[in-house]
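Coordinate inspection notes
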Amino acid sequence: MAQKPNQRGATRESIKATKHNWPTRTSFSPSKYFRQHQTTLTESFMRLVNYPLASIMTVMVIAIALSLPGGLYVLLKNVQSVTDQWEQQSVITLYLFPNLEDTQALALSHRLSAQADIASVEYISKEEGLRYFERSSGYEQIMSALPENPLPIVLRVIPKQAVDITTLSSLQALRDQLAAQKEVDYAELDAQWLQRLANILSFGQRFVYALSVLLVVAVLLIVGNTIRMAVESRRDEVLVMKLVGATDAYIRRPFLYMGFWFGVLGGFFASLCILVLSWWVSAPAERLIDLYQSGFQLQTFNADEIVLCLTISAFVGVFGAWIAVNRHITTIELQ
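Attention here is on the structure that accompanies the text. Since we're looking at a predicted model, the values are computed, not measured.

1. Considering the overall build of the protein chain
- Of the regular secondary structure elements, the protein chain holds eleven helices and six strands.
- Within the span of the protein chain, comprising 335 residues, buried residues form 33% of the whole.
- For the protein chain, contacts bridging at least 24 residues in sequence account for 85% of all contacts bridging at least 6.

2. Let's talk about the pattern of salt bridges
- If you walk through the whole model with that rule in mind, you get seven salt bridges.
- In this structure, K77 and E305 form a salt bridge, with 2.9 Å as the shortest nitrogen-oxygen distance. On the criterion of sequence distance, the pair formed by K77 in helix α3 (residues 52-85) and E305 in helix α11 (residues 303-329) is long-range, its members being 228 residues apart.
- Residue K77 is classed as buried on the basis of its relative accessible area of 17%.
- E122 is paired through a salt bridge with R156; the nearest N and O atoms lie 2.8 Å apart. Here the residue E122 occupies a position in strand β3 (residues 118-124), and R156 occupies one in strand β4 (residues 154-159), the gap between them amounting to 34 residues.
- Linked through salt bridges whose partners overlap, the residues forming this network are R47, R234 and E237.

3. Some details on the side chain of S109
- With respect to the secondary-structure elements, S109 resides in helix α4 (residues 102-113).
- With a relative accessible area of 7%, S109 lands in the buried category.
- If sequence neighbours within four positions are ignored, S109 has contacts with V121 and L155.

4. Examining the sheet that holds strand β2 (residues 92-96)
- Taken together, the four strands give an open sheet; going across it, the order is β3-β4-β2-β6, and neighbouring strands pair in antiparallel fashion. The open sheet is flanked by β3 and β6 (184-189), the only strands paired with a single partner. Ignoring strand direction, the axes of neighbouring strands in this sheet form an average angle of 20 degrees.
- Where β2 meets β4, four bridges bridge the pair, whose relative direction is antiparallel. Its bridge partner being in β4, T93 is matched across the sheet by R156.
- Contacts from helix α7 (residues 168-179) reach β2, β3, β4 and β6 within the one sheet, and its direction differs from that of β6 by about 170 degrees.

5. Concerning α11
- When the terminal C-alpha atoms of α11 are compared, their 38 Å separation across 27 residues agrees well with the 39 Å that a helix rising 1.5 Å per residue should span.
- Turning to α11, its buried residues number three or more, namely E305, C309, S313, A314, V316, G317, G320, A321, A324, V325, H328 and I329.

6. Concerning α4
- Between its terminal C-alpha atoms α4 stretches 16 Å, which fits the 16 Å expected from twelve residues at 1.5 Å a residue.
- Contacts made by the buried residues of α4 are with β2, β3, β4, α7 and β6.

7. Some words on a nonpolar patch on the surface
- Together, F268, L272, V276, L277, W279, W280, V281 and L298 make up an exposed nonpolar region whose accessible area comes to about 850 Å².
- Mapping L298 onto the fold places it in the loop between α10 (248-291) and α11.

8. Observations regarding the packing of aromatic side chains
- Within this structure, the stated rule accounts for eight aromatic pairs.
- Aromatic side chains F260 and W261 sit 5.5 Å apart centroid to centroid with 65 degrees between the ring planes, which places their arrangement in the edge-to-face category.
- Classification of F260 as partly exposed rests on a relative accessible area of 27%.
- The exposure class assigned to W261 is buried, which follows from its relative accessible area of 17%.
- Each ring, one from F268 and one from F269, has its centre 5.3 Å from the other, and the planes form 75 degrees; the classification is edge-to-face.
- Counting every residue linked through ring pairs, the aromatic cluster contains F45, F260 and W261.

9. Some thoughts on the environment of L76
- Topologically, L76 is positioned in helix α3.
- Taking C-alpha positions, L76 is 9.0 Å from V208, a pair spaced 132 residues apart along the chain.
- With near-sequence residues (within four places) excluded, L76 lies in contact with L201, G204, Q205 and V208.

10. A few points about a negative patch on the surface
- A cluster of acidic side chains, namely E101, D102, E127 and E128, defines a negative patch on the protein surface.
- Take E101: it is sitting in the loop between β2 and α4.

Each value, and the rule that gives it
- Residues numbered from 1 in each chain as written.
- Predicted model: local features only at pLDDT ≥ 70, side-chain atom pairs only at ≥ 80, totals over all residues.
- Heavy atoms only, no water.
- Helix = DSSP H or I, 4+ residues; strand = E, 2+ residues; numbered from the N terminus.
- Buried < 20%, exposed > 50% of the residue type's maximum accessible area, 1.4 Å probe, protein only.
- Contact = heavy atoms within 4.5 Å.
- Salt bridge = Lys/Arg side-chain N within 4 Å of Asp/Glu carboxyl O.
- Pairing = 2+ DSSP bridges.
- Axes fitted to C-alpha atoms, helices over the stretch in contact; angles between N-to-C directions.
- Expected span 1.5 Å × (residues − 1).
- Patch = residues over 30% accessible without salt bridge, like charges linked within 9 Å, V, L, I, M, F, W, Y side chains within 5 Å.
- Areas by Shrake-Rupley, 256 points an atom, 1.4 Å probe, with all protein chains shown as cover.
- Phe/Tyr/Trp six-rings, centres within 6.5 Å; stacked < 30°, edge-to-face > 60°.
- Lys, Arg positive; Asp, Glu negative; His and termini not counted.
- Charge placed at Lys NZ, Arg CZ, Asp CG, Glu CD.

Given below as structure tokens:
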């Protein structure tokens, strides 16, 4: 008595026979190719619409993850804009050696005034410095009791460049050059506050970059897990497509477009959240700016940055879907 064939599932021999009987591939048609992608793109979006609650939850988690670094980026951009407009006249104070003669100090003052990068040099003698110190400190009697004037001659050098973030390095180089003069005991640039601000901005930028990388990885995991569940829910459909000889690229395509939609929608709502938050804080920010009588304008996402956000989010969505699909469709094998 002949043994009945196993009807549990398709065998690898049946797949080979099916592929052998599959019609030969026709010539490539660009219009047909793009129509297939357009159809798959529409069907992938409709699958999200058919499961609105799960889709909205996934999209909003992605949007929140992307809006955090985007909001910090907008904050840093506004702080950077404020510092760029915050220009003040810089002053380099030169404290000369106490035993230096007036003639030598005056010669140094004239020599520095002739430099092209110096606007002016103010000469402050020992007597003028002592009178200013007495007025500002209130220790007239104590200072008058000293046997000699302990203060040195001071030169206040005003460079032609105003102090800001971009000119800070050149002003520091000028200060080092002046400090190297043989008559100068110590040179001080009154821009330490700006250097601290520059360091804070540098730290903030690196923090935003690190946070962005971590949250992009989180978005990859979210999209990958969502696509993994979608592949598992359509396991039978994948099995049928493999039975009729569909390639992995054909099976992968709808899931990649699903990741694309998750990324684009997440980037769109992230940009929308940043714009809404910027509008919400714009009124108190403008009142604060008016108190300082500044012409600063609060900045938010512009069109180029919105497009960049959508592009990055779409790429992250497709990449996360590609990783998940490649890993899981290979585990779905026909018996």
